[in-house]
Amino acid sequence: MNTLNLGVSQIEKSEDREYTCCQLLAKAVIHRAFMDSFGKFANTGYCGRSERSTLVDSAKNWFIDKRKNFILLCDIAGLNSDYVSEQFEKVHKYYRKGKLKNVKLNKVVSVLIQDH
């Protein structure tokens, strides 16, 4: 199993394994929300255009509003919520300007949330 470019088998067998797995899960949720905010869904066959628009808006608002669950998830992931929110704003800014057309967005998000 490969989650955010880090195989679970690579995690040291120790007391910290459970915490590390929680960090990986939290980072995966943040990563998925990032991708959702750009409308990059793995499968959109289950919803119509208005539902996709609602999902995109909801994901964007999650980063912008910085509610308790966003801050908590960033904390579990070992990430600064202000940093994540700022990076979200920057990536969307560059994306809107067309500066990320030839870049794999999935890779950009992975790098941003890997070890910060």
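Fair warning: this is a prediction, and the values are worked out from it, not measured in the lab. (Residues numbered from 1 in each chain as written. Predicted model: local features only at pLDDT ≥ 70, side-chain atom pairs only at ≥ 80, totals over all residues. Heavy atoms only, no water.)

**Q** Got a sec to walk through the environment of Y83? Specific residues and values, please.
**A** Secondary-structure assignment places Y83 in helix α4 (residues 81–96). Judged by relative accessible area, which is 22%, Y83 ranks as partly exposed. Sequence-wise, Y83 and L112 are 29 residues apart; in three dimensions their C-alpha atoms are separated by 9.4 Å. A distance of 3.1 Å separates a polar side-chain atom of Y83 from the backbone oxygen of L112. (Helix = DSSP H or I, 4+ residues; strand = E, 2+ residues; numbered from the N terminus. Buried < 20%, exposed > 50% of the residue type's maximum accessible area, 1.4 Å probe, protein only. Polar contact = N/O pair within 3.5 Å; in protein donor to acceptor, adjacent residues only side chain to side chain.)

**Q** Could you give me a rundown of a positive patch on the surface, with the residues and numbers involved?
**A** There is a patch of like positive charges on the surface, built from K60, K90, K93, R96, K97 and K99. For K90, the position within the fold is in helix α4. (Patch = residues over 30% accessible without salt bridge, like charges linked within 9 Å, V, L, I, M, F, W, Y side chains within 5 Å. Areas by Shrake-Rupley, 256 points an atom, 1.4 Å probe, with all protein chains shown as cover. Salt bridge = Lys/Arg side-chain N within 4 Å of Asp/Glu carboxyl O. Lys, Arg positive; Asp, Glu negative; His and termini not counted. Charge placed at Lys NZ, Arg CZ, Asp CG, Glu CD.)

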